[in-house]
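# Chains, contacts and geometry: an overview
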Amino acid sequence: MTTSNPNWGDPHTINADLHCHSTVSDGTLSPDQLAARAAANGVQMWSLTDHDEVGGLEKASEAARAHGLLFVPGVEVSVTWSGKTLHIVGLRVGFKNSPLSEGLGQVRSGRRERALEMSHQLAKVGIDGVFEGALKYVGNPDLISRTHFARHLVERGVCTDIGDVFQRFLTPGKPGYVPHSWASLSQAVTWIRDSGGVAVIAHPGRYDLNELQMDELIRQFIELGGQGIEVVTGSHTVDQYRTFARRSLKHGLKASRGSDFHGPEESRVNLGELPPLPDGCVPIWDNWENVL
């Protein structure tokens, strides 16, 4: 299937989905399957943004081309900021032997040790063998994550769904949660920029930040060279679309849009099925016509 040509005269009309995950990190579909799904759902501009990994981008690019999609090489970098875990999406990144690919190697180190400790903590509350069980869901052993643990605990019947797992076990203060020090905000934005990319604050509505903290995060992000913020994304409510549209305008950030799709059985929103950006927002892709 070949999608219709994007209307660059009115970038708001372009069906862009610039945030999703494959089996290279914690998604359930391969890059090829994601490209086919995006095209079938009318996506015109698509980005694969696996967690801390660019290993799926080559296949994603080839598959996107075969389906007539404009492809935006992407990544989602895990960041520790003010003691909290946040995510910065990089779009249009150079991913071959770049500062980004080198930096992500540092971020990935320690995930296995963290996962083993998570399994140890769960064993203390009577749930054995979770590390081994989680490995069945892992496409990339360097990127074993809480989501893989959650899928195993649902399969075993310990919890009803992935949300239940996180509520009971894998968040701060609960058994099975093990903190990890990710990249700094400065490192994430710098790696993305030095690799030719554009940095975007991912799903800001998910973070436990008050108004002052959010303003400070955005201030630091802009000072470092960040340019965008996700306004319409799978984990935002309609009210949050409006809230972060206002913030994008207030701070002069461009607005991004992405489903954060992880798989057909797990995601709130399918690839390509988000509403348009609110009026007044400047799309992050508004001037990309000649660079994709």
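Summary of the structure given here. (Residues numbered from 1 in each chain as written. Predicted model: local features only at pLDDT ≥ 70, side-chain atom pairs only at ≥ 80, totals over all residues. Heavy atoms only, no water.)

A count of helices and strands for the protein gives 10 helices and 7 strands. For 292 residues, the compact-globule estimate of 2.2 N^0.38 gives 19 Å, and the protein sits close to it at 18 Å. Principal axes of the C-alpha set define a box for the protein whose edges measure 60 × 45 × 40 Å. Considering the protein as a whole, with its 292 residues, one finds that 54% of them fall into the buried category. Of all intrachain contacts in the protein linking residues separated by at least 6 positions in sequence, the fraction that spans at least 24 positions is 73%. Put simply, the protein shows about 12,400 Å² of open surface, and 47% of that area lies on carbon and sulfur atoms. If the 27 positive side-chain charges of the protein are averaged to one point and the 34 negative ones to another, these points end up 3 Å apart. (Helix = DSSP H or I, 4+ residues; strand = E, 2+ residues; numbered from the N terminus. Rg over C-alpha atoms; globule rule 2.2 N^0.38 Å. Buried < 20%, exposed > 50% of the residue type's maximum accessible area, 1.4 Å probe, protein only. Contact = heavy atoms within 4.5 Å. Areas by Shrake-Rupley, 256 points an atom, 1.4 Å probe, with all protein chains shown as cover. Lys, Arg positive; Asp, Glu negative; His and termini not counted. Charge placed at Lys NZ, Arg CZ, Asp CG, Glu CD.)

Along strand β4 (residues 84-91), 6 of the 8 residues are buried, which leaves the element largely enclosed by surrounding structure. Hairpin connection between strand β3 (residues 70-81) and β4: a loop of 2 residues separates the two successive antiparallel strands, and serine 82 in this loop has a positive phi of roughly 55°. Bridge analysis of β4 against strand β5 (residues 198-201) gives 4 bridges, and the strand direction is antiparallel. When the sheet's bridge partners are listed, glycine 90 is paired in β5 with alanine 199. (Pairing = 2+ DSSP bridges.)

Applying the stated criterion to the full structure yields 14 salt bridges. Between glutamate 211 and arginine 247 there is a salt bridge, with the nearest N and O atoms lying 2.6 Å from each other. Of this pair, glutamate 211 sits in helix α9 (residues 211-223) while arginine 247 is found in helix α10 (residues 238-251), placing the two residues 36 residues apart along the sequence. Note that glutamate 223 and arginine 219 form a salt bridge whose closest N and O atoms lie 3.3 Å from each other. (Salt bridge = Lys/Arg side-chain N within 4 Å of Asp/Glu carboxyl O.)

Below, the discussion takes up the environment of cysteine 20. Relative to the helices and strands, cysteine 20 is located in the loop between β1 (16-17) and α1 (31-40). The class for cysteine 20 is buried, based on a relative accessible area of 0%. It is 9.2 Å that separates the C-alpha atoms of cysteine 20 and glutamate 76, two residues lying 56 residues apart in sequence. Among residues more than four places away in sequence, those in contact with cysteine 20 are Leu34, Trp46, Ser47, Leu48, Thr49, Asp50, Asp260, Phe261 and Leu271.

Here we come to α10. Look at α10: 20 Å from first C-alpha to last across 14 residues, which is about the 20 Å you get at 1.5 Å a residue. Here α10 has its buried residues at Gln240, Tyr241, Phe244, Ala245, Arg247 and Ser248. Each buried residue of α10 lies within a common arc of 165° when the element is viewed along its axis, so the set occupies one face. Exposed residues lying more than 90 degrees from the buried face of α10 are Asp239, Arg246 and Lys250. Against α9 and β6 (228-233) lie the buried residues of α10. (Expected span 1.5 Å × (residues − 1). Arc of directions from axis to C-beta.)

Most of helix α6 (residues 146-155) is tucked away: 7 of the 10 residues are buried. Inspection of α6 places Thr147, His148, Phe149, Ala150, Arg151, His152 and Leu153 among the buried residues, and these make up the whole buried set. Summarising the contacts, the buried residues of α6 are in contact with α4 (111-124), α5 (130-135) and α7 (162-168). Directly beyond the C-terminal end of α6, a positive phi value near 85° is found at glycine 157.

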